[in-house]
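Structural characterization, general
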Amino acid sequence: MTEERRGQCWGLLLVLGVTAGIFVGGFQQAVLGLVSGEPWNWAEMAVYVVGWAVLGPPAMWLVWKAADRSVRQQAPATLVGPARRRFVAPAMRSGSLPADAEPELWRRVLTAEVRQWNGLRWLAAVYAAVVAVLIGVAAVIANDNAWGVWVLALIVAAVGLVAFRWSERRLRIARRLQAELPAGGSARR
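The paragraphs below set out a description of the structure included in this document. Being a predicted model, the structure only gives us computed values, none of them experimental.

Before going further, it helps to spend a moment on the nonpolar core. For soluble globular proteins, the rule of thumb is that nonpolar side chains tend to be buried together. Grouped together as the largest cluster of nonpolar side chains are 15 residues, with contacts concentrated most on Trp40, Ile135 and Val156. For this core, the secondary structure elements donating two or more residues are helix 1 (3-36), helix 2 (42-68), helix 4 (103-141) and helix 5 (147-180). With six residues, helix 4 is the single largest residue contributor to this core. Contact partners of Trp40, with chain neighbours within four places excluded, come to Gly26, Gln29, Ala30, Met45, Ile135, Ala138, Asn143, Val149 and Leu152.

Okay, structure coming up:
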């Protein structure tokens, strides 16, 4: 792995950690406001964001390394997803199939890729919408329509929209690659 690629990996993990901190901290503050009527505590929210930003990336990196190196005993079925992702990643990055692409293998791999990205885009949208609405309701009920809480609700909704659009883009690439495959099934000999 090159230094540039490694830096991109840690940058992505940091963004994911901060985003998780915003979602978890916002959700926690909204629930506290709705259940107990407590006003928004920005210091407590900041602890969540900083905690997830500092502890999240190394934890996610360790989980990925453990899965890649098979540190724990894995059933063959659990290896399929990571192997599929490593197999399909170059084609998804470049947007084109390899010249020697075996149609039946690629059809199966791309079908799984389409299913995954379709599910992820809706999961991101629904989760972000639920958290954003919860924060918005907490802004009205427990925080006297505080503009800062409303801004956070809009940020959460925007992050959900970005995740939806990014997943949708990946889905389009996988579907386009599927369409490049020759039609029909394999002839058994």
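Here the narrative resumes, following the displayed structure.
This next bit is on the packing of aromatic side chains. A complete count under the given rule lists five aromatic pairs for this structure. Relative to Trp42, the ring of Trp40 has its centre 5.5 Å away and its plane inclined at 45°; by these criteria the two rings are tilted. In this structure Trp40 comes out as buried when scored by relative accessible area, which is 10%. Take Trp42: its relative accessible area is 43%, and that puts it in the partly exposed class. Taking 4.7 Å as the distance between ring centres and 35° as the angle between the ring planes, the aromatic pair formed by Phe87 and Trp106 counts as tilted. With Phe87 in helix 3 (residues 76-94) and Trp106 in helix 4, this residue pair connects regions lying 19 residues apart in the sequence. Judged by relative accessible area, which is 4%, Trp106 ranks as buried.

Next up on the list: the environment of Val88. Take Val88: it is sitting in helix 3. As for Val88 and Pro98, which are separated by 10 residues in sequence, their C-alpha atoms are 10.0 Å apart. Excluding anything up to four places from it in sequence, Val88 contacts Trp106, Val109, Leu110 and Glu113.

Below, the discussion takes up the pattern of salt bridges. A full pass over the atoms with the stated rule returns four salt bridges. Among the ionic pairs, Arg107 bridges to Glu104, the shortest N-O distance being 2.5 Å. Here the residue Arg107 and the residue Glu104 both occupy positions in helix 4, the gap between them amounting to three residues, near one helical turn. What makes Arg107 partly exposed here is its relative accessible area of 22%. Arg121 serves as the salt-bridge partner of Glu168, at 3.4 Å between the closest nitrogen and oxygen. Here Arg121 lies in helix 4 and Glu168 lies in helix 5, a separation of 47 residues in the sequence. Of the two residues examined, Glu168 and Arg121, each falls in the buried class. The network of salt bridges with common partners includes Arg121, Arg165, Glu168 and Arg172.

Parameters and conventions
- Residues numbered from 1 in each chain as written.
- Predicted model: local features only at pLDDT ≥ 70, side-chain atom pairs only at ≥ 80, totals over all residues.
- Heavy atoms only, no water.
- Core = buried A, V, L, I, M, F, W, Y, C linked by side-chain atoms within 4.5 Å.
- Buried < 20%, exposed > 50% of the residue type's maximum accessible area, 1.4 Å probe, protein only.
- Helix = DSSP H or I, 4+ residues; strand = E, 2+ residues; numbered from the N terminus.
- Contact = heavy atoms within 4.5 Å.
- Phe/Tyr/Trp six-rings, centres within 6.5 Å; stacked < 30°, edge-to-face > 60°.
- Salt bridge = Lys/Arg side-chain N within 4 Å of Asp/Glu carboxyl O.

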